[in-house]
Amino acid sequence: MNNFEQYRRRFLGGALATAGAAVMPGLVLVEVAHSRAPDEPVSSKNRWGLLIDTTKCATGCNECVTACSKENGWTQKEVYSPQDPQWIRKVELTHNSTGAKHSLPVMCQHCEEPPCVDVCPTGASFKRDDGIVLVDRHICIGCRYCMMACPYKARSLVHEDLNDTQLARMPRGKGCVESCTLCMHKIDAGDNTTACAEACPEHAILFGDLNDAGSEIAQRLAGHASREIRADLGLNTGVRYTGI
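What this report covers is the structure whose coordinates are included nearby.

What counts and how
- Residues numbered from 1 in each chain as written.
- Predicted model: local features only at pLDDT ≥ 70, side-chain atom pairs only at ≥ 80, totals over all residues.
- Heavy atoms only, no water.
- Buried < 20%, exposed > 50% of the residue type's maximum accessible area, 1.4 Å probe, protein only.
- Helix = DSSP H or I, 4+ residues; strand = E, 2+ residues; numbered from the N terminus.
- Patch = residues over 30% accessible without salt bridge, like charges linked within 9 Å, V, L, I, M, F, W, Y side chains within 5 Å.
- Areas by Shrake-Rupley, 256 points an atom, 1.4 Å probe, with all protein chains shown as cover.
- Salt bridge = Lys/Arg side-chain N within 4 Å of Asp/Glu carboxyl O.
- Pairing = 2+ DSSP bridges.
- Axes fitted to C-alpha atoms, helices over the stretch in contact; angles between N-to-C directions.
- Polar contact = N/O pair within 3.5 Å; in protein donor to acceptor, adjacent residues only side chain to side chain.
- Contact = heavy atoms within 4.5 Å.

Since the α-helix packs 3.6 residues into each turn, any two residues three or four apart lie on the same face. The buried count for helix H3 (residues 63–72) comes to 7 of 10 residues, which makes it a mostly enclosed element. Those residues of H3 that sit buried are Cys 64, Val 65, Ala 67, Cys 68, Ser 69, Glu 71 and Asn 72. One or two residues past the end of H3 sits Gly 73, with phi positive at roughly 85°.

All right, on to a nonpolar patch on the surface then. Taken together, the side chains of Val 119, Tyr 145 and Met 148 present a nonpolar region at the surface, about 310 Å² in accessible area. Tracing the sequence through the fold places Met 148 in helix H5 (residues 145–149).

This part is about the environment of Arg 220. With respect to the helices, strands and loops of the structure, Arg 220 is situated in helix H8 (residues 216–223). Separated by 169 residues in the primary sequence, Arg 220 and Leu 51 place their C-alpha atoms 8.4 Å from one another.

Walk down a regular strand and you will see the side chains alternate between the two sheet faces. One ladder, built from 7 bridges, connects strand E4 (residues 88–94) with strand E5 (residues 101–107); its direction is antiparallel. Residue pairing across strands places Ile 88 opposite Met 107, the latter belonging to E5.

As a further point, take the sheet that holds strand E11 (residues 239–242). As a general point, the strands of a sheet are linked pairwise by backbone hydrogen bonds and lie either parallel or antiparallel. Spatial ordering of the open sheet is given by E10-E3-E11, a layout of 3 strands whose pairing is mixed. Unpaired on one side and paired on the other, strand E10 (205–209) and E11 mark the two borders of the sheet. Neighbour to neighbour, the strand axes of the sheet diverge by 20° on average, direction disregarded. Pairing of strand E3 (residues 48–53) with E10, which is carried by 5 bridges, proceeds in the antiparallel orientation. Among the inter-strand pairings, Leu 51 is bridged to a residue of E10, identified as Leu 206.

The buried fraction of E10 is high, at 5 of 5 residues. Residue alternation in E10 divides its side chains into two sets, Ile 205, Phe 207 and Asp 209 and Leu 206 and Gly 208, and both sets are buried.

All right, on to the side chain of Thr 242 then. Note that Thr 242 resides in strand E11. Within polar-contact distance, the side chain of Thr 242 engages the side chain of Asp 53 at 3.5 Å. If we skip the residues at most four places from it in the chain, Thr 242 touches Leu 51, Ile 52, Asp 53, Thr 54, Thr 55, Ala 225 and Ser 226.

Rendered as structure tokens:
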């Protein structure tokens, strides 16, 4: 019996709910993050996030995109169409006044107040207590309301069968919406990092617990100015940028 079928049976039987385990689409999550005991469920004492230094992010470098694609089983392409899944993408910015150019990765921003969750009619879009925004593909109906609500263009609809790209750790489904999961399977396994942060050759992406004042990411945020993309929306994103 594969992992997906095991999860399905246990979920329908209510075993996970009574055990207090965290549930993610198609997966049974292993609660082994360093800041909580193995049998302790996901809680709001953690808030996982990223800090991206755009001064270190090189134009033309796509290592983070490639790593995300390999880790999660979606296909990276040279040229993307609107129908292609893309969990993370490189965006090139030019300052209107100075002409200064910046290259930065953009993915789901894991908002504290996620618009995608607000508009989802089935509850498929949800936020874990530790701030990670996810999609439950078992109840996603592919309406794409969340895609329209997301101000970061961070979600994709799977249009085609995925027979050749399925990974046991990250099952996906035709007709479902998907996006960056902040590599929650790595977090829950105790890796304490993301594929994009691991792959960046310039160490421009820093992963950590925003709620832990002693973590490197919290200390960097406290000591250096950072920005949210579309801060005017008041979403309090879990992904912050410096250098823009």
